Amino acid sequence: MTQSVSNSSGKKLIQIDVSSDTVCPWCFVGKRNLDKAITASKDQFEFEIKWHPFFLNPSAPKEGVNKLQFYREKFGSRTDGIIGRMTEVYRGLGLEYNISGLTGNTLDSHRLIYFAGQQGLDKQHNLVEELFLGYFTQAKYIGDREFLLECAAKVGVEGAAEFLEDPNNGLKEVNDDLKKYSANMTGVPYYEINGKHKLSGGQPPEVFLRAFEAAAN
């Protein structure tokens, strides 16, 4: 990606590539903090944000499994501590962390995120918010077609039902994007700012703000 450039408004452009999975709780934390940093500096910069896929569990079943049970099998005795920590972090963001419901394969959500991006990066960014909000606070299942279509409708993505109907739609693009941006990663969220500044994890807003300043120079 190229160096920061100025657009017609005279503001410098900050391009942000985010690698994320839709069942990653810290990815939602990072998004909310990124949004705070963007709001605080929108008078100074223009932003272009692109979301890229990552699969925390590529072999997760499409039909979904009990979320709490999955956590207990994965984290064992650490489960309650992890849930307690996430509950605290989410409460700090004004959200209620919900561990009930199902978890499972995220491929369809990433296909939809790609499709939204073809209709505009703002739609894509807003779709990611709705997916996170539903999965982490409302016990919605990320693999549920009806939930995915509800999220698409909320942010104005058109043609989502027809697109998701064919399992091959967006599949190549998601896999290509995964290889290009996320293949060598061991975890998410991961942010690349103007192609030169890299951050990982659910960073606080001030860390993003410093990265914007550095990337613009």
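Residues numbered from 1 in each chain as written. Predicted model: local features only at pLDDT ≥ 70, side-chain atom pairs only at ≥ 80, totals over all residues. Heavy atoms only, no water.

Within an unreviewed UniProt entry, the label attached to the protein reads DSBA-like thioredoxin domain-containing protein, and the organism entered is Hevea brasiliensis.

Quick notes on the side chain of Asn-33
Position of Asn-33 relative to the elements: it lies in helix 1 (residues 25-41). Asn-33 sits in the buried class, given a relative accessible area of 8%. Polar side-chain contacts of Asn-33 include one of 3.0 Å to the backbone oxygen of Gln-203. (Helix = DSSP H or I, 4+ residues; strand = E, 2+ residues; numbered from the N terminus. Buried < 20%, exposed > 50% of the residue type's maximum accessible area, 1.4 Å probe, protein only. Polar contact = N/O pair within 3.5 Å; in protein donor to acceptor, adjacent residues only side chain to side chain.)

Brief notes about the packing of aromatic side chains
The tally for this structure, following the rule as stated, stands at 16 aromatic pairs. Ring centres 4.2 Å apart and planes at 15° place the aromatic pair Phe-115 and Phe-163 in the stacked group. With Phe-115 in helix 4 (residues 107-118) and Phe-163 in helix 7 (residues 160-165), this residue pair connects regions lying 48 residues apart in the sequence. Grouping residues by exposure puts Phe-115 and Phe-163 together as buried. An aromatic cluster is built from Phe-28, Trp-51, Tyr-90, Tyr-97, Phe-132, Tyr-135 and Phe-136, whose rings are joined through pairwise contacts. Note that Lys-67 overlies the ring of Tyr-135, its terminal NZ or CZ placed 3.8 Å from the centroid. (Phe/Tyr/Trp six-rings, centres within 6.5 Å; stacked < 30°, edge-to-face > 60°. Lys NZ or Arg CZ within 6 Å of the ring centre and 35° of its normal.)

Quick word on the pairing of strand 6 (residues 197-200)
Here four bridges tie strand 5 (residues 190-193) to strand 6, and the two strands are oriented antiparallel to one another. By the bridge assignment, Tyr-191 is partnered in strand 6 with Leu-199. (Pairing = 2+ DSSP bridges.)

Regarding empty space enclosed by the protein
On inspection of all chains with the given rule, the structure shows one cavity of 30 Å³ or more. In this structure, the largest cavity occupies an estimated 50 Å³ of space. As for the largest cavity, its lining consists of Ser-20, Thr-22, Trp-51, His-52, Pro-53, His-110, Ile-113, Val-128 and Phe-132. Looking at the lining of the largest cavity element by element, the count peaks at three residues for strand 2 (residues 45-53). For the lining of the largest cavity, a count of residues per class yields five nonpolar, four polar and no charged. (1 Å grid on protein atoms, 1.4 Å probe; cavity = no way out; pocket = protein on both sides within 12 Å on 5 of 7 lines; lining within 4 Å. Points joined across faces, edges and corners; volume = space filled by probe spheres on them. Nonpolar A, V, L, I, M, F, W, Y, C, P; charged D, E, K, R; others polar.)

Digging into the pattern of salt bridges
Oppositely charged side chains may form a pair once their charged atoms are brought near each other. For the structure shown, the criterion picks out 14 salt bridges. For Arg-91, the salt bridge is made with Glu-96, and the minimal N-O distance between the two is 3.1 Å. Residue Arg-91 is classed as exposed on the basis of its relative accessible area of 51%. The partner of Asp-108 in a salt bridge is Arg-145, with the nearest N and O atoms 3.5 Å apart. You can see Asp-108 sitting in helix 4 and its partner Arg-145 sitting in helix 6 (residues 145-154), a full 37 residues away along the chain. It is possible to trace a salt-bridge network through shared partners that takes in Lys-62, Asp-108, Arg-111, Arg-145 and Glu-165. (Salt bridge = Lys/Arg side-chain N within 4 Å of Asp/Glu carboxyl O.)

Quick look at the layout of surface pockets
In this structure, the largest pocket encloses a volume near 380 Å³. Contributing to the lining of the largest pocket are 24 residues, with Val-23, Pro-25, Leu-56, Tyr-71 and Lys-74 lying nearest its centre. Residue assignment for the lining of the largest pocket shows that the elements contributing at least two residues are helix 1, helix 2 (67-75) and helix 3 (79-92). Top element by residues in the lining of the largest pocket is helix 2. It accounts for four residues. Here the residues of the lining of the largest pocket are counted per class, giving 17 nonpolar, five polar and two charged. Space inside the second largest pocket adds up to approximately 200 Å³. Lining the second largest pocket are 14 residues, and of these Trp-51, His-52, Tyr-114, Gln-124 and Asp-177 lie nearest its centre. Counting only elements with at least two residues in the lining of the second largest pocket, the list comes to strand 2, helix 4, helix 5 (121-137) and helix 8 (171-182). Broken down by element, the lining of the second largest pocket gets its largest block of residues, five residues, from helix 4. Split into classes, the residues belonging to the lining of the second largest pocket amount to six nonpolar, five polar and three charged.

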